[in-house]
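Residue-level listing of the chains:
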Amino acid sequence: MNRAFILFILSLFSFSIYAQNIRVESFGIVMNDATASASPVLDANDDPCALIRLVTTDKEYEIDGNIKRVEKTGELLFYVPSGTRQVTIRHSSLGVLNYSFEQRLQSKATYRMVLPSNTIVIHSEDRGGHYLVMRIVPANAVVHIDGMLENVRDGLLQKFLPYGMHTYRVEAPLYSMEEGSVEIGREKKQLDISLKPNFANVTLKAQGAEIKVNSESKGNGSWSGRLNPGTYLVETVKPGYRNASYTLVVVSGEDRSVDLPMPTPMYASLDVSSNAVNGSVYVDGKHIGNTPDIFKVLAGKHTVELRANGYESKSYTVELAEGEAKKLFAELKETAKSTYGGQATTASSSSNCTINGHEYVDLGLPSGLKWATCNVGANASEEYGNYYAWGETKTKKSYNTGNSKTCGESNVPSDISGIHAYDAALKNWGGSWRMPTWEEFKELLKYCTWTWASRNGKNGYEVKSKKNGNSIFLPAAGYRCDGWSNYDGARGCYWSATPVESNPILNIIWGSSSSAYSLFFDNSGKLIDIAEDHMYWHIRYHGLSVRPVLEEEKAILIEFEKRDRNQEQLQ
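First things first, this report covers the structure right here in the doc. Keep in mind that what you see is a predicted model, and the values were worked out from it rather than measured.

### Here's the deal with the pattern of salt bridges
Piece 1. Counted under the stated rule, the structure contains 19 salt bridges.
Piece 2. Here Glu-62 and Arg-69 are joined by a salt bridge, their closest N and O atoms 3.4 Å apart.
Piece 3. Here Arg-69 falls in the partly exposed class, since its relative accessible area comes to 23%.
Piece 4. A salt bridge links Glu-439 to Lys-442; the shortest N-O distance between them is 3.2 Å.

Set out below in structure tokens:
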């Protein structure tokens, strides 16, 4: 019979004798004790424990599997997982007792267990070993005893070992390993082991680029984490750019922040032309210029779209290698043509025509006024376009009282529509285009239906004629004040050419000439108009959108005159 089997038999025999020396005199729940619920101790599943108050003056008692042990005068507190049906009570001299409860222990409940004070110690046979108790930091460390992996629970190991020398090894990620030997004798052995950190806290930054450490992606823009000492290859990656690399040397214990080198752009050239001269070129949704022209673009795959007034737009997918020069000719299909006064004019529909390179729509208004299909500075109806202070014809980086040309000025005309020095529509589009007046906005409100809608991802109002069903789209482009954007996508603010003669609210600050009438709406679906009972205004230095208008007959006459002048020059 080998030694291990003999020890096993002796341990069973010892257990049966010891079990008779530990007796539970009484056990029950304490209803008015809130200790377990006031400051709950959590088990491995993050569930609140039950509390057993072991009434005794002997500090040698232990309960296996407890989460926390607290010594107090006349008692020991043991926190055990809720749902426990049986516990093992141990004593270095009295032995072991497996004690079962009538019901499972409740979470956050306190129980009182009384042990008899007259327990007689019966000396039993030696079990051939004792317990090794190890408390370990960090709690996720793994322990090997004599080369065998042991079960560690929340940084605590309790292992019964035979007398003699035993080896141990403690390891955890990002910490230095600790190993050694321990001798087990007739007393319980306790070891407190705190592994030494073997890492550095590192922050890597690369705005707008992906970060890779030893080819492993760490996300975009920035990454913070722990790395073991050593040398690492760090790369920053961005589509259309050449990767940048950085050798990172990590030293244990340091806190380090690194601004990584950025990828360098790889360029190609794209020669774009079409049968529609001066067509708008968009690459990946961004307007980059007009045809014909050669554009410098990033290498890689792109979506190229061609738009032109009077033609159907067309999209292409192109893939460019670094340094490659590629030609793209777009054959755009003309839309229908409409004839006005004998002059053939290209149109996008039966109601859309082009004057001076810009489309307009006939909404069947009583005045005969025609409205442009997009804002000044825009190439499509849903684009926001440019922003102008009232009475100014150029855009600015900042819109404020200090650089306003008309706010507080009393010598401004009572209607700036059609005046080159003040009218942003006329100055930028030429021809007979001009800003609408207050009365013309009111006509648009009265003879059209207004519906909150979205076009190509941009919010705004669909303004549809009640007479002929033609429509225009007014995007909610917000407005500009100082250097800030305000309410883009939520509000629309459009200048009229009509100043407010007197504004009691603003007179105190800027004087009587500080505001002008405007069209205003928001994403509530409620139109706030400039009609008699709901007139609206903005301070003149604010940057607002401008939607041009024209009288069609006057516009066509101008086109005829321009054509005749061109013919005379050719002759």
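### Quick look at helix 4 (residues 438-447)
Owing to its 3.6 residues per turn, the α-helix aligns residues three or four sequence positions apart on the same side.
Piece 1. A large share of helix 4 lies buried, amounting to 7 of its 10 residues.
Piece 2. Those residues of helix 4 not exposed but buried are Trp-438, Glu-440, Phe-441, Lys-442, Glu-443, Leu-444 and Leu-445.

### Let's talk about the environment of Trp-223
Piece 1. With respect to the helices and strands, the residue Trp-223 is situated in strand 17 (residues 216-227).
Piece 2. Trp-223 sits in the buried class, given a relative accessible area of 15%.
Piece 3. Measuring from C-alpha to C-alpha, the distance between Trp-223 and Val-202 comes to 8.1 Å, with 21 residues separating the pair along the chain.
Piece 4. Here Trp-223 is in contact with Val-202, Thr-203, Leu-204, Ile-211 and Lys-218, once residues within four sequence places are set aside.

### Some points on the sheet that holds strand 7 (residues 95-100)
Piece 1. With antiparallel pairing, the 3 strands of this open sheet are ordered in space as 3-6-7. The sheet terminates laterally at strand 3 (62-63) and strand 7, the two strands that pair on one side only.
Piece 2. One ladder, built from 2 bridges, connects strand 3 with strand 6 (residues 86-91); its direction is antiparallel. Following the sheet pairing, Ile-63 is matched in strand 6 by Ile-89.

### Looking at unusual backbone geometry
Piece 1. Here the bond from Val-137 into Pro-138 is cis, since omega is 5 degrees, no more than 30 degrees from zero.
Piece 2. With respect to the helices and strands, the residue Pro-138 is situated in the loop between strand 9 (129-137) and strand 10 (142-145).
Piece 3. Cis geometry is adopted by the peptide bond preceding Pro-292, which originates at Thr-291 and carries an omega value of -10 degrees.
Piece 4. Relative to the helices and strands, Pro-292 is located in the loop between strand 25 (286-290) and strand 26 (293-298).

### A closer look at the nonpolar core
Piece 1. Counting residues in each nonpolar core, the largest one holds 29 residues, and the members touching the most others are Trp-390, Trp-433, Met-435, Trp-495 and Val-546.
Piece 2. Contributing elements (two or more residues each) for this core: strand 32 (352-355), helix 3 (424-429), strand 38 (479-481), strand 40 (491-499) and strand 41 (515-522).
Piece 3. If we ignore the near neighbours within four places in the chain, the residues touching Val-546 are Asn-375, Val-376, Tyr-388, Ala-424, Ala-425, Met-435, Tyr-494 and Trp-495.
Piece 4. Grouped together as the second largest cluster of nonpolar side chains are 20 residues, Ile-52, Phe-78, Val-80 and Tyr-111 included.

### Brief notes about the environment of Pro-197
Piece 1. Tracing the chain through its elements places Pro-197 in the loop between strand 15 (189-194) and strand 16 (200-213).
Piece 2. Counting along the chain gives 24 residues from Pro-197 to Pro-173, while the straight-line C-alpha distance between them is 9.3 Å.

### A look at the side chain of His-538
Piece 1. Relative to the helices and strands, His-538 is located in strand 43 (residues 537-539).
Piece 2. For His-538, a relative accessible area of 6% gives the class buried.
Piece 3. Here Ser-518 takes part through its side chain, which lies 3.1 Å from a polar atom of the side chain of His-538.
Piece 4. Discounting chain neighbours no more than four positions away, the residues touching His-538 are Tyr-479, Cys-493, Trp-495, Ser-514, Ser-515, Ala-516, Ser-518, Phe-520 and Leu-544.

### A few points about the environment of Tyr-461
Piece 1. Along the polypeptide, Tyr-461 turns up in strand 36 (residues 458-465).
Piece 2. For the pair Tyr-461 and Leu-474, spaced 13 residues apart in the sequence, the C-alpha separation amounts to 5.2 Å.

Analysis parameters
Residues numbered from 1 in each chain as written. Predicted model: local features only at pLDDT ≥ 70, side-chain atom pairs only at ≥ 80, totals over all residues. Heavy atoms only, no water. Salt bridge = Lys/Arg side-chain N within 4 Å of Asp/Glu carboxyl O. Buried < 20%, exposed > 50% of the residue type's maximum accessible area, 1.4 Å probe, protein only. Helix = DSSP H or I, 4+ residues; strand = E, 2+ residues; numbered from the N terminus. Contact = heavy atoms within 4.5 Å. Pairing = 2+ DSSP bridges. Core = buried A, V, L, I, M, F, W, Y, C linked by side-chain atoms within 4.5 Å. Polar contact = N/O pair within 3.5 Å; in protein donor to acceptor, adjacent residues only side chain to side chain.

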